[in-house]
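A structural walkthrough
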Protein chains: 2
Amino acid sequence: MTDLDLVLKEHGLRKTTFRKELLSLFYDSNSSLTAEEVKNILGHTTDKVTIYRALDAFEKTGLIHRVPDKSNLTRYAICHSECSSIKHVHNHAHFICNSCNETFCINDIKIPHIEGAKGFLIKNAKLTLEGDCPQCQS
Amino acid sequence: MTDLDLVLKEHGLRKTTFRKELLSLFYDSNSSLTAEEVKNILGHTTDKVTIYRALDAFEKTGLIHRVPDKSNLTRYAICHSECSSIKHVHNHAHFICNSCNETFCINDIKIPHIEGAKGFLIKNAKLTLEGDCPQCQS
DNA sequence: TCTTTAACGCAACTCGGTTGCAAATATAAA
DNA sequence: TTTATATTTGCAACCGAGTTGCGTTAAAGA
Ligand SMILES: [Zn+2]
Ligand SMILES: [Zn+2]
Ligand SMILES: [Zn+2]
Ligand SMILES: [Zn+2]
């Protein structure tokens, strides 16, 4: 039983060929993926509904998390923290490259603590950065 | 010539009945509006295409700016700063209420300066807060 | 092996938003 | 005030990401 199999099992998911490939994609990616990108990488053999449902399942069980996307597509990246089906726990910033339009998790940048303003009760904060990623700087 | 007329003219837009009402909506709102909310408030008389195109025009000329939305709808709020057709200039946080799903501009909270990480060149930063807005706290 | 349940594939659908084009109207020049 | 020009509007048709229903396939556990 490989690592991928074990991870799927631990999260209550079945180890099908497609889901092992999908999980592997996320572990190998240094940035993030949309459903369409998954479909292109995997060679169009898998139905889009299957992809969407697998992404939903992965998110619900704490394997991947949603990241912001330049075009408002639904985009996911792997969870490195102690996420589970109970709760996602993230404290890092996300970076959207103006040039390649990719989204990166920036684990080195933590979300600063923000003081509430005039009656607003803050329970969560998201920090999204924009600019040029390392690959896109000449 | 009313204030609304003048503002439209200064931004190179014609003062039609609909666009004056639309601009008035944004000035009167303390939060933000989607195309559908505009349609509902104005009573369904105006075609949705007209609304979308007016919102586009208002954004391009610096009258309104996009704000984050809980459901990824396109949502706008009035620009209070020195925005124009050349450039939008904003430095405030946005707050999404978990209860009423509204989005508020929080002008009191400025975006903190973020140091770049390992090769990422940061040109812009967005801070989105979530929690309970003043109206939704019991 | 048998039974149960999750995962898959197909078709049809939803819905926020867009495009093309002709008609209406605001603006400014004559 | 009339006329010319450019913007705005309305309708219909379209687009595309994501969803839903349902019957079939295939893991997992007994
Ligand atoms: Zn997570
Ligand atoms: Zn992330
Ligand atoms: Zn602005
Ligand atoms: Zn704002």
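Scope of this entry: the structure provided in the associated data block. Just so you know, these numbers come straight off a predicted model, no measurement behind them.

1. Some thoughts on the coordination of the zinc ion (ligand 2)
All names here are of chain A.
- The zinc ion (ligand 2) binds to the protein through H65 (NE2), H92 (NE2), H94 (NE2) and C105 (SG); the donor distances cover 2.0 to 2.3 Å.
- Here the donor residues of the zinc ion (ligand 2) are spaced in sequence according to H-x26-H-x1-H-x10-C. Of the two residues, H92 is situated in strand β4 (residues 92-97) and C105 in strand β5 (residues 103-110); the sequence distance between them amounts to 13 residues. Side by side, H92 and C105 carry an identical accessibility label, which is buried.

2. So, the sheet that holds strand β1 (residues 33-34) of chain B
Residues and elements named next belong to chain B.
- On the basis of which strands lie adjacent, the open sheet formed by three strands has the order β1-β3-β2 and antiparallel pairing. Bordering the open sheet on either side are β1 and β2 (64-67), each of which pairs with just one other strand.
- Across four bridges, the pairing between β2 and strand β3 (residues 75-78) is antiparallel. By the bridge assignment for β3, H65 is matched with A77.

3. Some remarks on the coordination of the zinc ion (ligand 1)
Residues and elements named next belong to chain A.
- Donor atoms from the polypeptide that coordinate the zinc ion (ligand 1) comprise C79 (SG), C83 (SG), H88 (ND1) and H90 (NE2), at 2.0 to 2.3 Å from the metal.
- Considering all four donor atoms around the zinc ion (ligand 1), the spread of angles at the metal, 100 to 118°, places the coordination shape in the tetrahedral class.
- Residue classification places C79 among the buried residues on the basis of a relative accessible area of 12%.
- Given the relative accessible area of 27%, H88 is considered partly exposed.

What counts as what
Residues numbered from 1 in each chain as written. Chains lettered and ligands numbered in written order. Predicted model: local features only at pLDDT ≥ 70, side-chain atom pairs only at ≥ 80, totals over all residues. Heavy atoms only, no water. Donors = N, O, S within 2.8 Å, 3.2 Å for Na, K, Ca; no water. Helix = DSSP H or I, 4+ residues; strand = E, 2+ residues; numbered from the N terminus. Buried < 20%, exposed > 50% of the residue type's maximum accessible area, 1.4 Å probe, protein only. Pairing = 2+ DSSP bridges. Tetrahedral: all angles 85-135°; square planar, octahedral: opposite > 155°, others 65-115°.

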